[in-house]
Amino acid sequence: MASHVVLTSGAKLWRSLPCLTSELRLDLTLACGQSFRWRETAEGHWTGVMGGRVWTLTQTDDRLWYHVYTNQKKRRGRENRAEEQPEGVPNVEEEAPAVTDEQQSTMEAEMLREYFQLHVKMEDLCRHWGAADRHFKNTADVFTGVRMLRQDPTECLFSFICTSNNHISRIQGMVERLCQALGVPLCQLDQTPYHDFPTLSALADSSVEARLRDLGFGYRARYLQQSAKMILDTHGSQWIEGLRRVPYLEAREALRTLPGVGAKVADCVCLMSLDKPEAVPVDTHVWQIAKRDYKYAADNGQKSLTDKLYKDIGDFFRKLWGPYAGWGQSVLFCADLKKFQNLKEMGHVKQPKKEKETHKRCKKTKKDFDGNKIKTESEYRKKAKISVKKESTL
DNA sequence: CGTGGACCTGACCC
DNA sequence: CGGGTCAGGTCCA
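Per chain, residues are indexed from 1 in the order of the written sequence. Here every chain gets a letter starting at A, and every ligand a number starting at 1, in the order they are written. The model is predicted, so local features are restricted to residues of pLDDT at least 70 and side-chain atom pairs to those at 80 or more, both for listing and for counting; the totals for chains, interfaces and linings are taken over all residues. The basis for every side-chain value is the complete set of heavy atoms in the structure, and neither hydrogens nor water enter the calculation.

The name an unreviewed UniProt entry assigns to chain A is N-glycosylase/DNA lyase, from the organism Oryzias latipes. UniProt positions are given in the numbering used here, feature names are shortened, and annotations may be inferred rather than shown by experiment. As its UniProt record puts it under Function (unreviewed entry), chain A is described as follows: "DNA repair enzyme that incises DNA at 8-oxoG residues. Excises 7,8-dihydro-8-oxoguanine and 2,6-diamino-4-hydroxy-5-N-methylformamidopyrimidine (FAPY) from damaged DNA. Has a beta-lyase activity that nicks DNA 3' to the lesion." UniProt annotates chain A under Catalytic activity (unreviewed entry) with the comment "2'-deoxyribonucleotide-(2'-deoxyribose 5'-phosphate)-2'-deoxyribonucleotide-DNA = a 3'-end 2'-deoxyribonucleotide-(2,3-dehydro-2,3-deoxyribose 5'-phosphate)-DNA + a 5'-end 5'-phospho-2'-deoxyribonucleoside-DNA + H(+)".

Trainee: Tell me about the protein's contact with DNA strand C, residues and numbers included.
Mentor: Within the structure, DNA strand C sits among 26 residues, and Gly33, Ile168, Val265, Asp283 and Phe333 are positioned closest to it. Within the backbone of cysteine 32, a nitrogen or oxygen atom sits 2.9 Å from a base oxygen of DNA strand C. Residue lysine 264 places a main-chain N or O atom 3.4 Å away from a phosphate oxygen belonging to DNA strand C. Secondary structure elements are taken from DSSP: a helix is a run of H or I of four residues or more, a strand is a run of E of two residues or more, and numbering for both begins at the N terminus. Those elements that provide at least two residues to the surface near DNA strand C are helix 12 (263–273), helix 13 (284–294) and helix 15 (325–336). Among the elements that line the surface near DNA strand C, the one with the most residues is helix 12, at five residues. Here the residues of the surface near DNA strand C are counted per class, giving 13 nonpolar, 11 polar and two charged. Whether a residue is near a molecule or strand depends on its heavy atoms: it is near if one of them lies within 4 Å of it. Two N or O atoms form a polar contact when they lie within 3.5 Å of each other; inside protein one atom must be a possible hydrogen donor and the other a possible acceptor, and for residues adjacent in sequence the pair counts only when both atoms belong to side chains. Under the scheme applied here, ten amino acids are nonpolar (Ala, Val, Leu, Ile, Met, Phe, Trp, Tyr, Cys and Pro), four are charged (Asp, Glu, Lys and Arg), and all others, including Gly, are polar.

Trainee: Provide a residue-level description of the sheet that holds strand 5 (residues 63–68), including the pertinent values.
Mentor: What makes two strands pair is DSSP finding at least two bridges between them. Across the sheet, which stays open at both edges, the five strands sit in the order 1-5-4-3-2 with antiparallel pairing between neighbours. Both edges of this open sheet fall to strand 1 (15–18) and strand 2 (39–42), since each of them pairs with a single strand only. Looking at each pair of strands side by side, their axes are set apart by 35° on average, direction ignored. Contact criterion: two residues are considered in contact whenever any of their non-hydrogen atoms come within 4.5 Å of each other. Lines are fitted to the C-alpha atoms to define the axes, a helix being fitted only along its stretch in contact, and any angle between axes, read from their N-to-C directions, falls within 0 to 180 degrees. Helix-sheet contacts for helix 2 (residues 101–115) involve strand 1, strand 3 (45–50), strand 4 (53–60) and strand 5, and the interaxial angle to strand 4 is about 75°.

Trainee: Give me the lowdown on the packing of aromatic side chains, citing residues and values where you can.
Mentor: Under the pairing criterion, centres of Phe, Tyr and Trp rings, with the six-membered ring standing for Trp, must be within 6.5 Å; the plane angle then separates stacked pairs below 30 degrees from edge-to-face pairs above 60, leaving the rest tilted. In total, this model carries 15 aromatic pairs according to the counting rule given. Where phenylalanine 36 meets phenylalanine 160, the ring centres are 5.4 Å apart and the plane angle is 55°; that geometry is what we call tilted. Taken together, the positions of phenylalanine 36 in the loop between helix 1 (26–30) and strand 2 and phenylalanine 160 in helix 5 (residues 153–161) put the pair 124 residues apart, joining distant regions of the chain. Summarising the burial analysis for this pair, phenylalanine 36 and phenylalanine 160 share the class buried. Seen in terms of ring centroids, tyrosine 219 and tyrosine 223 are 6.0 Å apart; in terms of plane orientation they differ by 80°. Their pairing is edge-to-face. The classification of residues rests on relative accessible area computed with a 1.4 Å probe and restricted to protein chains. Under 20% of the type maximum is buried, over 50% is exposed, and intermediate values are partly exposed. Given the relative accessible area of 33%, tyrosine 219 is considered partly exposed. You can call tyrosine 223 partly exposed: its relative accessible area is 25%. Linked through ring pairs, Trp129, Phe136, Tyr294, Tyr296, Phe316, Phe317 and Trp321 together constitute an aromatic cluster. Taking NZ or CZ as reference, arginine 220 lies 4.5 Å from the ring centre of tyrosine 219, over its face. To sit over a ring, a charge needs its Lys NZ or Arg CZ within 6 Å of the ring centre and within 35 degrees of the ring normal.

Trainee: Can you break down the nonpolar core residue by residue, with the values?
Mentor: A general tendency of soluble globular proteins is for nonpolar side chains to be buried together. Phe116, Leu157, Phe158 and Leu255 are the most contacted members of the largest nonpolar core, which has 101 residues in total. Once residues lying within four places of it in the same chain are set aside, the contact partners of leucine 157 are Ile231, Ile240, Leu255, Leu258, Val261 and Val269. Throughout this description, the term nonpolar core refers to a set of buried Ala, Val, Leu, Ile, Met, Phe, Trp, Tyr and Cys residues connected via side-chain atoms within 4.5 Å. In this structure, Val49, Tyr69, Leu186 and Cys187 belong to the second largest nonpolar core, which totals 10 residues.

Trainee: Which residues make up the side chain of arginine 37, and what values do they have?
Mentor: You can see arginine 37 is positioned in the loop between helix 1 and strand 2. Side-chain polar atoms of arginine 37 contact the backbone oxygen of histidine 195, separated by 2.6 Å.

Trainee: Lay out helix 12 in plain terms, naming residues and giving numbers.
Mentor: Among the 11 residues of helix 12, 10 are classified as buried, and the element is accordingly described as predominantly covered. Burial in helix 12 covers these residues: Ala263, Val265, Ala266, Asp267, Cys268, Val269, Cys270, Leu271, Met272 and Ser273. Considering only its buried residues, helix 12 is in contact with helix 5, helix 11 (248–256), helix 14 (307–321) and helix 15.

Trainee: Explain the domain arrangement of chain A residue by residue, including any values.
Mentor: Domain delimitation follows an automatic or database domain assignment. If you check the domain split of chain A, you get domain 1 (11–71), domain 2 (117–139 + 277–348) and domain 3 (151–274). The interface is formed by 15 residues belonging to domain 2 together with 10 residues belonging to domain 3. Buried area between domain 2 and domain 3, summed over both chains or domains, comes out near 910 Å², and the portion from carbon and sulfur atoms is 68%. The term buried area denotes the loss of accessible surface (1.4 Å probe radius) that occurs when two parts are joined, taken as the sum for both partners. It is Ala279, Pro281 and Tyr310 in domain 2 that bury the most area against domain 3; as a group they hold 47% of the surface buried on that side. For salt bridges, the criterion is a side-chain nitrogen of Lys or Arg within 4 Å of an Asp or Glu carboxyl oxygen. With a shortest N-O distance of 3.8 Å, aspartate 307 and arginine 256 are connected by a salt bridge. The interface formed by domain 2 and domain 3 holds two residue pairs in polar contact (both at pLDDT 80 or more) in total. In terms of residue class, the side of domain 2 that touches domain 3 is made up of eight nonpolar, two polar and five charged.

Trainee: Requested: an account of the packing of helix 4 (residues 134–142) against helix 15, with residues and values cited.
Mentor: The relative placement of two packed helices comes down to the angle between their axes together with the axis-to-axis distance. Running from amino to carboxyl end, helix 4 crosses helix 15 at an angle of 60°, the nearest separation of the two axes being 10 Å. Here helix 4 and helix 15 pass one another in a crossing that is left-handed. Taken together, the residues of helix 15 that come into contact with helix 4 (itself represented by His135, Phe136, Thr139 and Ala140) are Gly328, Val331, Leu332 and Ala335. Class assignment for the residues of the contact of helix 4 with helix 15 results in five nonpolar, three polar and no charged. What makes a crossing left-handed is the near helix being turned counterclockwise from the far one by less than a right angle; a clockwise turn instead makes it right-handed.

Structure representation (structure tokens):
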């Protein structure tokens, strides 16, 4: 049976492209809640599905290494997988045209450059933002290499419908079950099956709501099915992709007409899949960041994130950072996640022992590796103050 | 325009 | 083990 590859055993299986870790950190970028499809399958090795293929990625100081697995061939006509493969689902990579390894590799490298948007120079953006924004600089100095992915719009939309009033560890499991239940199987590696993300038609089927409720999606089950159906019925299968070519606000409002898609989810989809780098998703984290680190609306005492407040906070960051404000937001968002707090405290001091412990933990818990957990709100504030103090002394 | 609740579920804490 | 709280929100009154 096929298994996950690692770089140390079999360099022949790998290809690479130039990419500095200052531009891309796989661990931060793939586990900060943009995409829910990547898992650390071996230390520093991330396996997931992108563009209908299964990849393992890893990196060295100046290169990004990748391996693409061969999809299992579907035997036509004699598969009893009717349950898993709704009709009308195209079989990815079927009858692959004859291409040389070289051509194949060139194409794969190009897919990666697009997925990670390597043409955008994060280092330049961060230097620019850091010059005018002290708090950003202090955070970005530790959280370098957090990039915005350019995800498939359908996957992004339906994944983020799952995020409402939810947490990352559960969302990951839900998205995995969603793909397993409704997506085309691609291959299996060490007992782990990999599936493509479901198509719109698979999601729109009337049986989907009940099915997903059984899989623990709660009230989101209806949103997923209804949104898919609404898109197909009133706009057509290419509609979401088409939103890449319309202005930000227009795309955002279009998305908001879908059930389960509010301001936050719409902005996530705009930023992470529709080429709208100015979109700033404002969630509880970003609201906290705005108040705590930017003294935004100091003690205005707002209870909830109203539409107006949402827009004002977004405008605030857009004014501060400019047209790529969404990319800036993602750096601070990532730095605010519980699971990455340990990175901050290590700061510039080298603590190899601690790092080892963290890695162990990642493997053991495998689903949810929290670094130093913050138990209560007050403890959270304490930490925030500490980090502010550190910053002021720098 | 702003507020208060309901909403599924399970991870995490005590 | 049982009970509360909370999570990258959205929708409705």
